[in-house]
Amino acid sequence: MAETVSPATEPSAGPVIRAARTADVKAIRAIVAPLAEERVLISKDAVAYFEGLQEFRVAEVDGRVVGCGALHVLWEDLAEIRTLAVDRSMVGRGIGALVLEQLVEDAQALGVERLFCLTFETAFFERHGFEAIEGQAVAPEVYAELLRSYDEGVAEFLDLERVKPNTLGNTRMLRTL
């Protein structure tokens, strides 16, 4: 006689990485909240997550959102990895790496050649091909164009003085695809 496994004891199928949906914003904010309190990530209002929702991927395990990350295009050849975070209970299981891999694939599909991030997790990003940088990652004419952006993340990327009081002190990193 074959043994049956009850749904409560069935092993997880593993993380599913998918595009974020509006119903995921609450979970994304819950994952980010403790990291924002520790000043590892920047806290955002709910409206900012809804406005940028199409940039987000989430990791789901057993129907629960346990990780997130966003790809924000800055210029024709450059995008930023933003808000890459994993629920504390799931850290160390490769979920962040899976989300990042999907964001890299998304960047390649868009024709982006370089990825930028601001992070305290330098070892993690180094394992995924990022290198710490100093100075600007764009030509002066692109810098001048990016100055027109109202996005605070772009201001942080440009290392503008007006965001200095809010700077978390993280490392600027770049990866060429």
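This text follows the structure it describes.
Keep in mind that this is a model prediction, so the values were computed, not measured. (Residues numbered from 1 in each chain as written. Predicted model: local features only at pLDDT ≥ 70, side-chain atom pairs only at ≥ 80, totals over all residues. Heavy atoms only, no water.)

Enquirer: I'm lost on the packing of aromatic side chains in this one. Help?
Expert: Between two aromatic rings, the relevant description is the distance of the centres plus the angle of the planes. Inspection of every chain in the model, using the stated rule, returns three aromatic pairs. Centre to centre, the rings of Tyr 49 and Phe 56 are 5.9 Å apart; their planes meet at 55°, and the pair counts as tilted. Here Phe 125 and Phe 130 contribute two aromatic rings whose centre-to-centre distance is 5.1 Å and whose plane-to-plane angle is 85°, an arrangement assigned as edge-to-face. For the pair Phe 125 and Phe 130, one class covers both residues: buried. (Phe/Tyr/Trp six-rings, centres within 6.5 Å; stacked < 30°, edge-to-face > 60°. Buried < 20%, exposed > 50% of the residue type's maximum accessible area, 1.4 Å probe, protein only.)

Enquirer: I tried to follow the nonpolar core on my own but got confused; where do I start?
Expert: For soluble globular proteins, the rule of thumb is that nonpolar side chains tend to be buried together. In terms of nonpolar packing, the biggest core is built from 23 residues, with Ile 81, Leu 100, Leu 115, Phe 125 and Phe 130 touching the most fellow members. Elements represented by at least two residues in this core include exactly strand 2 (56–61), strand 3 (64–75), strand 4 (78–86), helix 3 (95–110), strand 5 (114–119) and helix 4 (122–127). For this core, the element with the highest residue contribution is helix 3, accounting for seven residues. The contact partners of Ile 81, leaving out residues within four places of it in the chain, are Ala 70, Leu 71, Leu 100, Leu 103, Leu 115, Phe 116, Cys 117, Phe 125 and Phe 130. Within the second largest apolar cluster, 16 residues are counted, among which are Ala 20, Ile 28, Leu 41 and Val 65. (Core = buried A, V, L, I, M, F, W, Y, C linked by side-chain atoms within 4.5 Å. Helix = DSSP H or I, 4+ residues; strand = E, 2+ residues; numbered from the N terminus. Contact = heavy atoms within 4.5 Å.)

Enquirer: I'm lost on unusual backbone geometry in this one. Help?
Expert: Among all residues save glycine, negative phi is the norm, and among peptide bonds the norm is trans. In this structure, Asp 62 takes a positive phi of about 50° despite not being glycine. For Asp 62, a relative accessible area of 62% translates into the label exposed. Of note in the backbone geometry, Thr 83 takes a positive phi value of approximately 50° without being a glycine. Mapped onto the secondary structure, Thr 83 falls in strand 4.

Enquirer: Explain the sheet that holds strand 4 to me, please; I cannot follow it from the model alone.
Expert: To summarise the sheet geometry, strands pair through backbone hydrogen bonds and adopt either a parallel or an antiparallel arrangement. As summarised here, the arrangement of the seven strands in space is 1-2-3-4-5-7-6, forming an open sheet in which the pairing is mixed. The open sheet terminates on both sides in strands that have one partner only, identified here as strand 1 (16–19) and strand 6 (131–132). Relative to strand 3, strand 2 runs antiparallel, the two being bridged by six bridges. From the neighbouring strand, Glu 60 faces strand 3, where its bridge partner is Val 65. Here helix 1 (residues 25–37) sits on the sheet and contacts strand 2, strand 3 and strand 4; the angle it forms with strand 3, its principal contact strand, is near 85°. Packing against the sheet, helix 3 makes contact with strand 1, strand 2, strand 3, strand 4, strand 5 and strand 7 (171–176), and its axis sits at approximately 30° to strand 3. (Pairing = 2+ DSSP bridges. Axes fitted to C-alpha atoms, helices over the stretch in contact; angles between N-to-C directions.)

Enquirer: Help me understand the pairing of strand 2 in this model?
Expert: The side chains of a regular strand alternate between both faces of the sheet. Burial runs high along strand 2: six of the six residues are buried. Where burial is concerned, the two faces of strand 2 agree: the one with Phe 56, Val 58 and Glu 60 and the one with Arg 57, Ala 59 and Val 61 are both buried. By the bridge criterion, four bridges tie strand 1 to strand 2 in an arrangement that is antiparallel. Paired with Ala 19 across the two strands is Arg 57, which belongs to strand 2. Where strand 2 folds back on strand 3, the antiparallel hairpin that results is connected by two residues, among which Asp 62 adopts a positive phi of roughly 50°.

Honestly, that's just the spatial picture; any functional story needs more than this.
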